[in-house]
Amino acid sequence: MKHSLSAKERLILDLLGDTERYGLELVDASGGALKRGTVYVTLARMEESGLVTSHHEDGPRPGGGMPRRLYRATPLAIELVALQRSFTEAISAHRQPRFSLQPIKVTR
Amino acid sequence: MNPPQPRRHSGAWLLGWAEQHLAADTFARTFAAAEADLQLELERADPPTRRRLARAARWQYLRILGGALAIDRREARRGLRWWLLFTPLLAVMTGLFALGDGLAPIAQLAFAAAGLVAGYVMASTPRRILASEAPAAGWIAIAMLAALPLIGRDLHGSARWLAIGPLVIQVSTLVMPVLALALSALVTRGRLGHALALSASGQLALAATADLTGAVTLAVITLAIALTSTRRALLPLSLTTLPLVGIAALRDPLLAPVAHSEGALAELHPLLMALALLALCLAIAAPLTTWSRTTDAWPRALAAALALGVATPLACGLLFPAPVPLVGFGGSAIVACHLGLGALLALERVDRPRAARATM
């Protein structure tokens, strides 16, 4: 099972949060970062890796037609994202300067 | 009430192709998911947007197809015994000591690399493609053998080699695994008439090129396939194969080794010769491990054919002045060995079921 996230996977997991979404919803919500031609393949790979699960929507669609597929992040993925986030924050905090240069007030 | 007809778009033909050729779960997770979303969008969109979406669908589905095929092939390669492809290399390495300096060892290594690539490609081929194309490939192999008297390089009355630029290929050695694959496919499917015709044609072509080693190898392979699959094929195949071997025996000029390295075994240090023989035994035994893994007749028949495909020329090389496969100089046997092992790996793999039309 894969334990490192690519930028696309991270984006998808951020967009999913702890909700369920359709593939096209993710494309629309990403503002162009995700493409229609690649999002489904990425989601299929993430499902293989155990990062998302999917299922067909419940019940028939009002006008008939094929059932759509809904995606949800797995607990493993949510934990991975949280770990990555805390790691990134820790690295950023470590890079902060230890002291800041304040102007010295000279009194006479 | 009739279900609503899906709206037409430019990617529909790709959808149909993918449904026929992708595994069911890959198709469901990629194309089916995209199609369901696209159909809903087409229903809800105004006419100009609908036309734009319908036109763009082709490119969207082409991109999906690339990714879906990659997923399918990765799944197909999982769990294969890749180590099988490396079993001939030990014999090749021991033979390098007899070849001395110069280009010969480099050529052998280049052939080994080419063989590994060929074996990998073959192992990645879906079994259903091998099943449908193997007989045709067998006939193409026969045609190549039949063309040799016209286009092959003649040496002391035997035209067994084809020169392609700097490469000299022994065609009968190279096509032997293809013939083994085709014959095993036909015999295990009960198409005995077709198998008889293929086997007899191969023997005639080998007799025409005065290649006794090739004729004997093909005869042994054919009989091994008959013995390990359906016994009722044994008698007719024996009756057509063995007399034709006799013709090749009459015509074969019993060539002396044409390069010092073709007596490679005799030129090795005794210890190295023992290691070479051991390595050759490994190359013979490796395909037979398939017998313990599957009860499917086709891979078992092919495994027996591949093992005897190495054992027979080895026996000929030990008894007569003939090159020993893999150890002596010659890249055709190396590539052929890897091709055969790759085909065996492809047959061992269980292909996932393809998407059914009912899902649409």
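Overview of the structure. None of these values were measured; they are calculated from a predicted model. (Residues numbered from 1 in each chain as written. Chains lettered and ligands numbered in written order. Predicted model: local features only at pLDDT ≥ 70, side-chain atom pairs only at ≥ 80, totals over all residues. Heavy atoms only, no water.)

1. Quick word on empty space enclosed by the protein
All names here are of chain B. What the rule picks out here adds up to one cavity of 30 Å³ or more. Of the pockets and cavities examined, the largest cavity occupies roughly 40 Å³. Forming the walls of the largest cavity are M122, P177, V178, L181, L339, G340 and A343. Considered class by class, the residues forming the lining of the largest cavity number six nonpolar, one polar and no charged. (1 Å grid on protein atoms, 1.4 Å probe; cavity = no way out; pocket = protein on both sides within 12 Å on 5 of 7 lines; lining within 4 Å. Points joined across faces, edges and corners; volume = space filled by probe spheres on them. Nonpolar A, V, L, I, M, F, W, Y, C, P; charged D, E, K, R; others polar.)

2. Overview of the packing of helix α7 (residues 171-188) of chain B against helix α8 (residues 192-208) of chain B
Any two packed helices are characterised by how steeply their axes cross, that is the angle between the axes, and by the distance between the axes. Residue and element names in this part refer to chain B. Axis separation between α7 and α8 bottoms out at 8 Å; the angle between their running directions is 165°. The orientation of α7 relative to α8 falls into the category roughly antiparallel. Both α7 and α8 take part in a crossing whose hand is left-handed. Residue-level inspection shows S172, A182, L183, L186 and V187 of α7 in contact with α8, the latter providing L192, H194, A195, L198, S199 and L206. Partitioning the contact of α7 with α8 into residue classes produces eight nonpolar, three polar and no charged. (Axes fitted to C-alpha atoms, helices over the stretch in contact; angles between N-to-C directions. Helix = DSSP H or I, 4+ residues; strand = E, 2+ residues; numbered from the N terminus. Parallel < 35°, antiparallel > 145°, perpendicular 65-115°, else oblique. Left-handed = near helix turned anticlockwise from the far one by under 90°. Contact = heavy atoms within 4.5 Å.)

3. Observations concerning the interface of chain B and chain A
The interface of chain B with chain A comprises 26 residues on the first partner and 20 residues on the second. Where chain B abuts chain A, roughly 2000 Å² becomes buried across the two surfaces, and 54% of that area is made up of carbon and sulfur atoms. If you look at where chain B meets chain A, you find two salt bridges. Ionic pairing is found between R68(A) and D37(B), a salt bridge with its closest N-O pair at 2.7 Å. Our enumeration of links across chain B and chain A arrives at six residue pairs in polar contact (both at pLDDT 80 or more). Within the residue set of the side of chain B that touches chain A, elements represented by two or more residues are α2 (24-44) and α3 (47-77) of chain B. Counting residues per element, the side of chain B that touches chain A draws most heavily on α2(B), which supplies 13 residues. Residue composition of the side of chain B that touches chain A, grouped by class: 14 nonpolar, three polar and nine charged. (Buried area = accessible area lost by both parts, 1.4 Å probe. Salt bridge = Lys/Arg side-chain N within 4 Å of Asp/Glu carboxyl O. Polar contact = N/O pair within 3.5 Å; in protein donor to acceptor, adjacent residues only side chain to side chain.)

4. Description of the pattern of salt bridges
Inspection of every chain in the model, using the stated rule, returns nine salt bridges over all chains. Across the pair E41(B) and R36(A) runs a salt bridge whose closest N-O atoms are separated by 2.6 Å. Of this pair, E41(B) sits in helix α2 while R36(A) sits in helix α3 (residues 36-49), which puts the two residues in different chains. Judged by relative accessible area, which is 22%, R36(A) ranks as partly exposed. (Buried < 20%, exposed > 50% of the residue type's maximum accessible area, 1.4 Å probe, protein only.)

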